[in-house]
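Analysis of the macromolecular model
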Amino acid sequence: MGGRNEPDPNNDDAGDVAAIRRAIEAGVRHIDTAELYANGRAEELVGEAARPYDRLSLFIASKVRETKLGYDAVLESCERSLERLKTDYLDLYYVHKPNPAIPAEETAAAFNELLRRGMIKNVGISNATVETTEKFASFLDSPIFAVQCHYNLIVREPVLKGVLEYCRRKKIHFIAWRPVQLPSEKLGIRSLAERGAYPLLDQIADKYGMTPAQTAVRWLTQQENVGIVFKTKNPEHLKEIIDAQNVTLSDEDTEALTRDFPRMEAEGFTTGGKAPLI
Ligand SMILES: NC(=O)c1ccc[n+]([C@@H]2O[C@H](COP(=O)([O-])OP(=O)(O)OC[C@H]3O[C@@H](n4cnc5c(N)ncnc54)[C@H](OP(=O)(O)O)[C@@H]3O)[C@@H](O)[C@H]2O)c1
């Protein structure tokens, strides 16, 4: 929301704010953003959207980008995020993506300081292997609260690399980003929301009277310890995703999707290209 890497001057800001408020009104409490998104503009829009609500009723998560993982840079980034979000604390603050050039111990020391100052309540890490997560955790004063990875019917990297299993074992919330999957011509990926793109998904969706997007989302949220962060500006899509939580896919259908869906096991993807866990 707000643009891609930079703020988009033609962005429909009012539409974005309305979409976030619509989600809150519908019962969504966990809002995910990052300083990277539209270079801070997304956080400003979240701040604006959250303004009329009781702060304690919301769970706001943001992320510090991989180039800002030095001690002073983390503190500075968090302060700027809080200003843009117009709040005095984050419920969850993630390392957006590990940076092997910056020692994990230094980044963790800054997160410890943010915890101590009450600027963040919980620590997370995104797009990281088990090894990187464990190393970061070893320097933290509090256990890691959440891990966020690209995970959906197509992209199974967190399963292949044991991240999901690790989170279950350690009781760390696992959050799947891009659950519906944006299409990418470059990578030959079609959206999981596109009817006709994946016959197996259409077939199972039809059986439950759901859309392919609902089925893809439910396949994720039915798994033990898997939550999602999704983006939609469309009120019908929002309702679809919420309503999907009331449907239970049978074990047989879940297994068919897990086993037979055409997937890219070994890699995580972003729209910009390959971005495996590091
Ligand atoms: N940690 C990370 O590195 C990382 C990376 C990327 C994203 N994220 C987080 O994950 C969130 C979601 O990722 P994302 O936006 O890339 O992917 P996504 O939520 O899987 O897909 C969003 C796209 O799907 C469409 N859509 C949503 N629900 C739909 C439905 N029910 N039916 C049909 N289309 C639907 C949306 O269009 P409409 O608006 O028209 O509905 C939008 O174009 C982001 O907002 C961000 O917070 C994290």
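Below or above, wherever it landed, is the structure these notes cover.

Structural notes on the sheet that holds strand β3 (residues 92–95)
If you trace the seven strands from one edge of the open sheet to the other, you get β1-β2-β3-β4-β5-β6-β7, paired in parallel fashion. A single partner strand is all that each edge strand has here, and the edge strands are β1 (30–32) and β7 (226–229). Here the strands of the sheet are splayed against their neighbours by 25° on average, with no regard to which way each runs. Across three bridges, β3 lies against strand β4 (residues 123–126) in parallel orientation. Paired with Val-95 across the bridge in β4 is Ile-125.

A short note on the environment of Leu-92
Structurally, the position occupied by Leu-92 is in strand β3. Residue classification places Leu-92 among the buried positions, given a relative accessible area of 2%. If we skip the residues at most four places from it in the chain, Leu-92 touches Phe-59, Ile-60, Ala-61, Ser-62, Asn-122, Val-123, Gly-124, Phe-145 and Ala-146.

Notes on the nonpolar core
Tyr-93, Phe-111, Phe-136, Val-147, Phe-174 and Leu-257 are the most contacted members of the largest nonpolar core, which totals 68 residues. In terms of residues, this core owes the most to one element, helix α3 (residues 71–85), which gives five residues. Ignoring anything within four residues of it in the chain, the contact list for Phe-136 reads Val-95, Ala-104, Thr-107, Ala-108, Phe-111, Val-123, Gly-124, Ile-125 and Ile-144. Residues Ala-61, Leu-92, Trp-177 and Val-229 belong to the second largest nonpolar core, which totals seven residues.

Focus: the site of the ligand
Around the ligand, 24 residues are found, and the nearest of them are Asp-32, Arg-178, Val-180, Thr-232 and His-237. Considering the ligand on its own, with 900 Å² of exposed area, one finds that the protein chains cover 82% of that surface. Counting residues per element, the shell around the ligand draws most heavily on helix α10 (residues 235–244), which supplies three residues. For the shell around the ligand, the per-class residue count stands at 10 nonpolar, eight polar and six charged.

Some points on the pattern of salt bridges
Using the criterion set out here, one finds 23 salt bridges in the structure. Of the charged contacts in the structure, one is a salt bridge between Lys-97 and Glu-66, with a shortest N-O distance of 3.9 Å. With Lys-97 in the loop between β3 and α4 (104–117) and Glu-66 in the loop between β2 (59–64) and α3, this pair connects stretches of sequence that are 31 residues apart. Assessed through its relative accessible area of 27%, Lys-97 is described here as partly exposed. Among the ionic contacts, a cluster of salt bridges with common partners joins Glu-76, Glu-79, Arg-80 and Glu-83.

Quick look at unusual backbone geometry
A negative phi angle is the norm for most residues apart from glycine, just as the trans form is the norm for most peptide bonds. For Gln-181, which is not glycine, the phi dihedral falls at a positive 75°. Relative to the assigned elements, Gln-181 resides in the loop between β6 (173–177) and α8 (199–207). Gln-181 sits in the buried class, given a relative accessible area of 5%. The backbone of Asn-225 shows a phi angle near 60°, a positive value even though the residue is not glycine. As for its position among the elements, Asn-225 is in the loop between α9 (212–221) and β7.

Comments concerning the packing of aromatic side chains
Under the defined criterion, the tally for this structure stands at six aromatic pairs. Their ring planes at 25° and their centres at 5.9 Å tell us that Phe-59 and Phe-145 sit as a pair that is stacked. A residue pair is termed long-range when its members are at least 10 positions apart, and Phe-59 in strand β2 and Phe-145 in the loop between α5 (130–138) and β5 (146–150) qualify at 86 residues. Here Phe-59 falls in the partly exposed class, since its relative accessible area comes to 22%. Under the relative-accessibility criterion, Phe-145 is labelled partly exposed at 25%.

Cut-offs used in this document
Residues numbered from 1 in each chain as written. Predicted model: local features only at pLDDT ≥ 70, side-chain atom pairs only at ≥ 80, totals over all residues. Heavy atoms only, no water. Pairing = 2+ DSSP bridges. Helix = DSSP H or I, 4+ residues; strand = E, 2+ residues; numbered from the N terminus. Axes fitted to C-alpha atoms, helices over the stretch in contact; angles between N-to-C directions. Buried < 20%, exposed > 50% of the residue type's maximum accessible area, 1.4 Å probe, protein only. Contact = heavy atoms within 4.5 Å. Core = buried A, V, L, I, M, F, W, Y, C linked by side-chain atoms within 4.5 Å. Near = heavy atom within 4 Å. Areas by Shrake-Rupley, 256 points an atom, 1.4 Å probe, with all protein chains shown as cover. Nonpolar A, V, L, I, M, F, W, Y, C, P; charged D, E, K, R; others polar. Salt bridge = Lys/Arg side-chain N within 4 Å of Asp/Glu carboxyl O. Phe/Tyr/Trp six-rings, centres within 6.5 Å; stacked < 30°, edge-to-face > 60°.

So far we have only geometry, and geometry alone does not tell us how the molecule works.
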